[in-house]
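# What the coordinates show
Residues per chain are reported as follows:
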Amino acid sequence: MNSTLKYDLVVIGGGPAGMAAALEAKKNGVGKIIILERAETLGGILEQCIHTGFGLHYFGEELSGPEYAHKFIELVEQSDIDVKTDTMVISISKERMVTAVNNQDGFIQIDATAVILAMGCRERARGALDIAGSRASGVMTAGAAQKFVNIDGYMPGKKIVILGSGDIGLIMARRMTLEGAQVKMVCELMPYSGGLTRNIVQCLDDFDIPLKLSCTVIEVHGTERVEGITIAQVDENRNVIDGTQEFVECDTLLLSVGLIPENELSKQIDIDMDPITSGPVVNEMRQTSLPGVFACGNVLQVHDLVDYVTTESQIAGLGAAKYISNPNNDDSRYAFTKGGDGVRYIVPQKVNINSKEEIKLYFRVADVYLKSKFVVSVGDEVLIEKRKQKFAPGEMENATLTLEMLEKIKENDEIVISIKER
Amino acid sequence: MFYDVAIIGAGVIGSLTARNLSQYNLKVALIEKGNDVACATSKANSGIVHAGFDAKPGTLKARLNVDGTKKMADVCKTLFVPFKEIGSLVVAFSDYEVETLRELYQRGITNGLDADSMEILDRQALVKLEPNISPDAVGALLSKTAGIVCPYELTVAAAECAATNGVEFLRNCGVNSIKFENDMFILSTEQGEISAKYIINAAGVHSDDIAKMIGDNSINITPRLGEYALLDKSVGNVVNHVIFQCPTEMGKGVLIAPTVDGNVIVGPTTVEVDNKDSAAIAQDALSNVFKSANKSVPSISMRNTITSFGGLRAHDVTSDFIIGSSNANKKFINVAGIASPGLASSPAIADYVLEILKSIYDGELEKKSDYNPSRTEPVKFREMSDEQRRELIAKNKAYGRIICRCETVTEGEIIDAINSPVGARDVDGVKRRTRAGMGRCQSGFCGSKVMEILSRELNVPINEITKFGGKSDILYERTK
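Quantities reported herein were computed from a predicted structural model and do not represent experimental measurements.

### Digging into the overall build of chain A
Across its full length, chain A holds 8 helices and 30 strands. Relative to the 2.2 N^0.38 estimate, which gives 22 Å for 422 residues, the radius of gyration of chain A is 22 Å and therefore close to what a compact globule would have. The C-alpha extent of chain A, read off along each of the three principal axes, is 65 × 60 × 40 Å. Looking at chain A as a whole, 60% of its 422 residues qualify as buried. Restricting the contact set of chain A to residue pairs at least 6 apart, pairs at least 24 apart contribute 62%. Total accessible area on chain A is roughly 16800 Å²; 47% of this is exposed by carbon and sulfur atoms. Separation of charge centres in chain A, based on 43 positive and 60 negative side chains, amounts to 2 Å.

Here it is in structure tokens:
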């Protein structure tokens, strides 16, 4: 195939973000849409998340990952959205020329009016951690282990230690236990878990798996296969407390130590990036600094709930539809969001004060805060105040700017969200 | 099995020597304890082709380094191995150290380097070449003939060439004992008995143990662990040359260098260890590496590390290479103590070993008429233009399926790596030949796909695929 294809919208990634964005764009009148997905099927990481807990917010019912995905896969199949799976995008240009390859069509070039980036994220690997020891087999990310168990049907270990109490780590603690492995402990460097409270209860407490806070893995033992690890307590500066080292016998170390948005393609087109989210800087329609290029889902910011991914991606889909119908009509005037005390980041990073719709801001806190409140303010004026029993870094918060509030905000104003004691 | 020559150890030395011998009508076995070539020292070192000013004049190291580096470009070109003559800089941080640079320059001349291949730079000239160099740097010795090469790619290439020319590669073939009877060595190995008229001992950190099997106690290897960090490609051109630090009483310091694949390597530390089979890195290894590296380039940060690793250097107590016929048996050639600059010297070492073999061989070595000094050029999708990619996929669809997204490695390349003359048998073998799994996600996504392809191509169950042979299993039994 040598000719260049022409599409109104190219969606890169066919996980929950890409599918929801494509469907919403279709609903809003976009003609030719194509989803390019590198895996063999649509669905993204949900396909290996066979546990339940998905969809409580969006569908009001508790679904497994594949069930959640299939609701969207069916809608995509019923629509006239084109899909190419097992297809890898290798480059995009600022002119929105998308180049991809697969083993059916070979080399594919698509000229797109708009592009939605929905490539998701990857797990931080061992290399990013300063763990001593050998390169023995038996150290892998929790997500890789999840694929081996849930998709391929093989056990990657029998005696397991998990480092990191993010949601994937917690889910895998339960999963490996149910498959007959012995999960000895989950170690967490921070004094609190980065996972959802419900996962700590349902995946660890219910199975008597200890969660060791302020604790890390400092060495891997074994030359061919892992034979054990050394753990140690850390102080408030995350430095190892000498004398607390302890050997734990195991054959597997699973890592759940953070997720990194996969923005290698985004960087090819030089769009502005947010150093905190590691995702693109976007406006309230999830448009990046390059007009016609949008981003949503875990490539934009790492989410804890797929329900929020869906909502965010629908915004991007709608934004792309508006752009495609009228690419040159941009009367946006922007105010900028900024994380204040206790707030790590806010998405979107800029909002159009001329917006005709209210705008929801999503943010994450930097630490655990009890009996506190968040405050949204512009200059001295407080727009929103909301109390909560507990804020935790693992749970994304949101605040809605109403049209009334937007009227009070001027161009280039800074909209600050901070955490305050109450 | 009977051979004219058995080479023990399939590192860069054993493999280049095997290639050299494969020019002749000889039955040669390349015997390796591990599951692959390049699975010890040759897989984990700095990848530097030193210019040759460092070694003590008059030593084998000095002679073979200068000679080897001269030969490297040609060997690499013939074998389709990337070699980049990017030059090196020894950086001085005081006027006193500038004096040391002058000594190194003189030593280079004594060792046989061309005077115009070296230059002592002042700070201004240094900053022009290396804008990120430390503000404390006062000057440097530039050496234009130094370069970088991928040590395991060179080893794989040499072994493939040797195999194409008839050398038999025997893996998982650790040698347990050696007898000499009726003018013939009998090696008892993990794969049974092997007879050979001549033995070349290229067993790296174990070369003293192998020599002892014939009663030669002259070698004494004290392995030295070097710990490294490999940085993400996004750090790319933080340095343009191999950056050494001027040696001080405190030690040699660490080097910072680009790799031929576009990463940056930082290291090594130097730790004497007693376990020859473990290259486990110590706690604080990384922070030590970066502390030292920041003396040269303050902006280099541990945050960009994608992996860290250790490698053992086969250091002999004499500090020189030990190459020659053993006093215990003339037909047993030691090639031992090949620590730095072993990689740079390797083409010259292989030639030197051939000379030694010729000098002791019963009769004349007869050249093959159909010797092929090269190998099949490996496909590297990531380095191709779009036009080349289009043509490649049109010929073979397997090159259209990307398996490793970080390094853009296709299924076709992985199949090639498995089916090549000295093919990959495990996940690390595929990684070294194709770079699948060497990127920033470190095989998080492609690991299971690589295992599927290995399982399919080798026709073995997926849970028998290992990381690097032996008991390095990845998967156990099926789930319930």
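Back to the text.
### Topic: the overall build of chain B
From N to C terminus, chain B includes 12 helices and 22 strands. Its C-alpha atoms give chain B a radius of gyration of 22 Å, near enough to 23 Å, the size a compact globule of 480 residues would have. Reported as C-alpha extents along the three principal axes, the dimensions of chain B are approximately 65 × 60 × 45 Å. Taken over 480 residues, chain B has a buried fraction of 61%. Residue pairs at least 24 apart in sequence account for 72% of intrachain contacts in chain B once pairs closer than 6 positions are excluded.

### Thoughts on the sheet that holds strand β16 (residues 228-233) of chain A
All names here are of chain A. Reading across from one edge, β10-β15-β16-β17 is the order of the 4 strands in this open sheet, with mixed pairing throughout. This sheet does not close on itself; its edge strands, each paired only once, are β10 (132-133) and β17 (246-249). Note that β10 and strand β15 (residues 215-221) share 2 bridges and pair parallel. Looking across to β15, one finds that G133 is bridged to V220.

### So, the environment of E395 of chain A
Residues and elements named next belong to chain A. Its place among the elements puts E395 in the loop between β28 (381-391) and β29 (397-401). Overall, the relative accessible area of 26% leaves E395 in the partly exposed class. Setting aside chain neighbours within four positions, we find E395 in contact with L196, T197, D304 and R364.

### Description of the environment of P66 of chain A
In this fold, P66 of chain A is placed in helix α2 (residues 65-78). Counting along the chain gives 21 residues from P66 of chain A to I45 of chain A, while the straight-line C-alpha distance between them is 9.0 Å.

### A few points about unusual backbone geometry
Backbone phi values are negative for most residues with the exception of glycine, while trans is the configuration of most peptide bonds. Between V347 of chain A and P348 of chain A the backbone carries a cis peptide bond, its omega angle lying at 0°. Its location among the elements puts P348 of chain A in the loop between β24 (343-347) and β25 (350-352). Residue P268 of chain B is reached from G267 of chain B by a cis peptide bond, and omega for that bond is -5°. In this fold, P268 of chain B is placed in the loop between β16 (264-267) and β17 (271-272). Of note, R238 of chain A is a non-glycine position whose phi angle comes to about 65°, a positive value. One can find R238 of chain A in the loop between β16 and β17.

### Section: the domain arrangement of chain B
Residues and elements named next belong to chain B. Taken domain by domain, chain B holds domain 1 (2-42 + 151-220 + 317-360), domain 2 (88-144 + 222-313) and domain 3 (381-464). Just the C-alpha atoms count here: the centres of domain 2 and domain 3 sit 32 Å apart. Residue-level contacts link 6 residues of domain 2 with 7 residues of domain 3. Three residues stand out in domain 2 for area buried against domain 3, namely K233, D261 and I306, and they jointly supply 65% of the buried area on that side.

### Quick notes on the interface of chain A and chain B
The interface is formed by 52 residues belonging to chain A together with 49 residues belonging to chain B. Between chain A and chain B, the buried area comes to about 4500 Å², and carbon and sulfur atoms account for 53% of it. Contact with chain B buries area across many residues of chain A, yet R38, F107 and Y154 of chain A alone supply 15% of it, more than any other trio. Where K147 of chain A meets E452 of chain B, a salt bridge forms, and the shortest distance between an N and an O atom there is 3.8 Å. At the boundary of chain A with chain B, the tally comes to 24 residue pairs in polar contact (both at pLDDT 80 or more). For the side of chain A that touches chain B, the element with the highest residue contribution is helix α3 (residues 142-152) of chain A, accounting for 5 residues. Grouping the constituent residues of the side of chain A that touches chain B by class yields 21 nonpolar, 15 polar and 16 charged.

### Some thoughts on the confidence of the model for chain B
Averaged over all residues, the pLDDT of chain B equals 96, while 100% of them reach at least 70. Predicted complex, confidence summary: ipTM 0.93, pTM 0.95.

### Considerations on the domain arrangement of chain A
All names here are of chain A. Domain boundaries in chain A define domain 1 (1-122 + 259-330), domain 2 (125-257) and domain 3 (331-422). Relative placement of domain 2 and domain 3: their C-alpha centres are 35 Å apart. Taken together, the contact pairs 4 residues of domain 2 with 7 residues of domain 3. Carbon and sulfur atoms supply 51% of the area that domain 2 and domain 3 bury against each other, a total of about 430 Å² over both sides. Sorting the residues of domain 2 by area buried against domain 3 places Y192, L196 and T197 first, and these three jointly supply 76% of that buried surface. At the junction of domain 2 and domain 3, the tally comes to 0 salt bridges.

### Description of the packing of helix α4 (residues 167-178) of chain A against helix α5 (residues 197-204) of chain A
Helix packing geometry: the angle between the two helix axes and the distance between the axes. All names here are of chain A. Interhelical geometry of α4 versus α5 gives an angle of 20° and a closest axis separation of 8 Å. Looking at the two axes, α4 sits roughly parallel to α5. As for the relative orientation of α4 and α5, their crossing is left-handed in sense. Residues D167, L170, I171, A173 and R174 of α4 form the contact with α5, whose participating residues are N199, I200, Q202, C203 and L204. Of the residues in the contact of α4 with α5, the class split is 6 nonpolar, 2 polar and 2 charged.

### Things to note about helix α3 (residues 95-111) of chain B
All names here are of chain B. Helix length check: α3 (17 residues) gives 25 Å between terminal C-alpha atoms against 24 Å at 1.5 Å per residue, within 8%. Of the surrounding elements, those touching the buried residues of α3 are α2 (60-78), β5 (88-92), β6 (118-122), β7 (139-143) and α7 (285-296). Just downstream of α3, G112 is the residue with a positive phi angle, here 105°.

Parameters and conventions
Residues numbered from 1 in each chain as written. Chains lettered and ligands numbered in written order. Predicted model: local features only at pLDDT ≥ 70, side-chain atom pairs only at ≥ 80, totals over all residues. Heavy atoms only, no water. Helix = DSSP H or I, 4+ residues; strand = E, 2+ residues; numbered from the N terminus. Rg over C-alpha atoms; globule rule 2.2 N^0.38 Å. Buried < 20%, exposed > 50% of the residue type's maximum accessible area, 1.4 Å probe, protein only. Contact = heavy atoms within 4.5 Å. Areas by Shrake-Rupley, 256 points an atom, 1.4 Å probe, with all protein chains shown as cover. Lys, Arg positive; Asp, Glu negative; His and termini not counted. Charge placed at Lys NZ, Arg CZ, Asp CG, Glu CD. Pairing = 2+ DSSP bridges. Domains from an automatic or database assignment. Buried area = accessible area lost by both parts, 1.4 Å probe. Salt bridge = Lys/Arg side-chain N within 4 Å of Asp/Glu carboxyl O. Polar contact = N/O pair within 3.5 Å; in protein donor to acceptor, adjacent residues only side chain to side chain. Nonpolar A, V, L, I, M, F, W, Y, C, P; charged D, E, K, R; others polar. pLDDT = per-residue confidence, 0-100. Axes fitted to C-alpha atoms, helices over the stretch in contact; angles between N-to-C directions. Parallel < 35°, antiparallel > 145°, perpendicular 65-115°, else oblique. Left-handed = near helix turned anticlockwise from the far one by under 90°. Expected span 1.5 Å × (residues − 1).

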